[in-house]
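Overview (structure and organization)
Listed here are the chains, written in short residue letters.
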Amino acid sequence: VLCLYENNSRIGIDSLIRIAFEKKLFVHLISEDSKYATPFLLSPQIKNLSYIVEIENGNEFSVSLANKLGKSLNELQENVKSKFIRENEKERRNSLIESYRKNFEFDTEKKDILKLKWYNLDGKTNNISDLAKKIGQSDSYDVLYRTFSSEVHSLTLSSSFYRDWE
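Residues numbered from 1 in each chain as written. Predicted model: local features only at pLDDT ≥ 70, side-chain atom pairs only at ≥ 80, totals over all residues. Heavy atoms only, no water.

Moving on: the packing of helix H3 (residues 37-57) against helix H6 (residues 89-101). At their nearest, the axes of H3 and H6 sit 10 Å apart, and the two run at 135° to each other. On the basis of their axis angle, the class for H3 and H6 is oblique. When the axes of H3 and H6 are compared, the crossing they make is left-handed. Mapping the contact onto sequence places Pro39, Leu42, Ser43, Gln45, Ile46, Leu49, Ile52, Val53 and Glu56 in H3 and Arg93, Leu96, Ile97, Ser99 and Tyr100 in H6. For the contact of H3 with H6, the per-class residue count stands at nine nonpolar, three polar and two charged. (Axes fitted to C-alpha atoms, helices over the stretch in contact; angles between N-to-C directions. Helix = DSSP H or I, 4+ residues; strand = E, 2+ residues; numbered from the N terminus. Parallel < 35°, antiparallel > 145°, perpendicular 65-115°, else oblique. Left-handed = near helix turned anticlockwise from the far one by under 90°. Contact = heavy atoms within 4.5 Å. Nonpolar A, V, L, I, M, F, W, Y, C, P; charged D, E, K, R; others polar.)

This is how it looks when you write it as structure tokens:
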């Protein structure tokens, strides 16, 4: 944070504050109810799997990623296949998805399980704002998260205009 401050990187500081606040909410939720621990621990694997599936499907995300990497979509897909796809991959994926799915308290069969947030076990906690309300942290959310979210997005936009006018 000090390095960001010394380099006038306010957007970076704002982002770190938001991330720290999210982590505070996560710790609070898990310490209040341990049923959230397993989906929290599975969520990085689920997120990685969602990226692999998107690349395999060749959607907009994967095309954009391939372009950024200077590769064709085919090259990116082959690269992912050679590095991340193992034998009995289908069984491993199904096992991971089922381990994640069984934590949810609502019918997830018609939902894209890879896009469900780990803290949305009740089907009503769709975002950080909902999570803050759920655990009684709405005021902190409004002061810290919402304020710094606005700052990050408006500063990003205004800094682009500022650079254009220089």
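The next subject is the environment of Ile52. Counting through the fold element by element, Ile52 comes out in helix H3. Given the relative accessible area of 12%, Ile52 is considered buried. Excluding residues within four positions of it along the chain, Ile52 makes contact with Val80, Phe84, Ile85 and Arg93. (Buried < 20%, exposed > 50% of the residue type's maximum accessible area, 1.4 Å probe, protein only.)

The residue sitting at the N-terminus of helix H4 (residues 60-68) and contributing the capping side-chain oxygen is Asn59; that oxygen lies 3.2 Å from the backbone nitrogen of Phe61. Once H4 finishes, Gly70 follows within two positions and takes phi at roughly 70°, a positive value. (Polar contact = N/O pair within 3.5 Å; in protein donor to acceptor, adjacent residues only side chain to side chain.)

Looking now at the layout of surface pockets. Computed from the structure, the largest pocket encloses a volume of approximately 480 Å³. Surrounding the largest pocket, 18 residues form its lining, Ser43, Lys47, Leu116, Lys117 and Trp118 being those nearest its centre. It is H3 that contributes the most residues to the lining of the largest pocket, seven residues altogether. A class-by-class count of the residues in the lining of the largest pocket yields 10 nonpolar, two polar and six charged. (1 Å grid on protein atoms, 1.4 Å probe; cavity = no way out; pocket = protein on both sides within 12 Å on 5 of 7 lines; lining within 4 Å. Points joined across faces, edges and corners; volume = space filled by probe spheres on them.)

This part is about the side chain of Ser62. Position of Ser62 among the secondary structure elements: in helix H4. Engagement of the side chain of Ser62 in a polar contact is seen with the backbone oxygen of Asn59, the distance being 2.7 Å. Apart from the residues within four sequence positions on either side, Ser62 is in contact with Glu54, Ile55, Leu73 and Leu76.

On inspection of all chains with the given rule, the structure shows nine salt bridges. Two residues, Glu89 and Arg93, come together in a salt bridge whose shortest N-O distance is 3.2 Å. Of the two residues, Glu89 and Arg93 are both situated in helix H6; the distance of four residues between them amounts to about one turn of the helix. In this structure Glu89 comes out as buried when scored by relative accessible area, which is 7%. Given a relative accessible area of 15%, Arg93 falls into the buried group. A salt bridge links Arg101 to Glu109, with the shortest nitrogen-to-oxygen separation between them at 3.7 Å. Salt bridges linked by common partners bring Glu56, Glu89, Arg92 and Arg93 together as one network. (Salt bridge = Lys/Arg side-chain N within 4 Å of Asp/Glu carboxyl O.)

To continue, consider the packing of aromatic side chains. All told, the structure shown has 11 aromatic pairs when counted by the stated rule. With a centroid separation of 5.0 Å and an interplanar angle of 70°, the aromatic rings of Phe40 and Trp118 are classed as edge-to-face. Placement of the pair is Phe40 in helix H3 and Trp118 in the loop between H6 and helix H7 (128-134), with a sequence separation of 78 residues. On the basis of relative accessibility, which here comes to 31%, the residue Phe40 falls in the partly exposed class. Pairing Tyr141 with Tyr145 gives two aromatic rings, centres 5.3 Å apart and planes at 20°, and the pair type is stacked. Within this pair, Tyr141 and its partner Tyr145 are both found in helix H8 (residues 138-165), separated by four residues, close to a single helical turn. The exposure class of Tyr141 is buried, given its relative accessible area of 10%. Against the face of Tyr145 rests Arg18, its NZ or CZ located 5.1 Å from the ring centre. (Phe/Tyr/Trp six-rings, centres within 6.5 Å; stacked < 30°, edge-to-face > 60°. Lys NZ or Arg CZ within 6 Å of the ring centre and 35° of its normal.)

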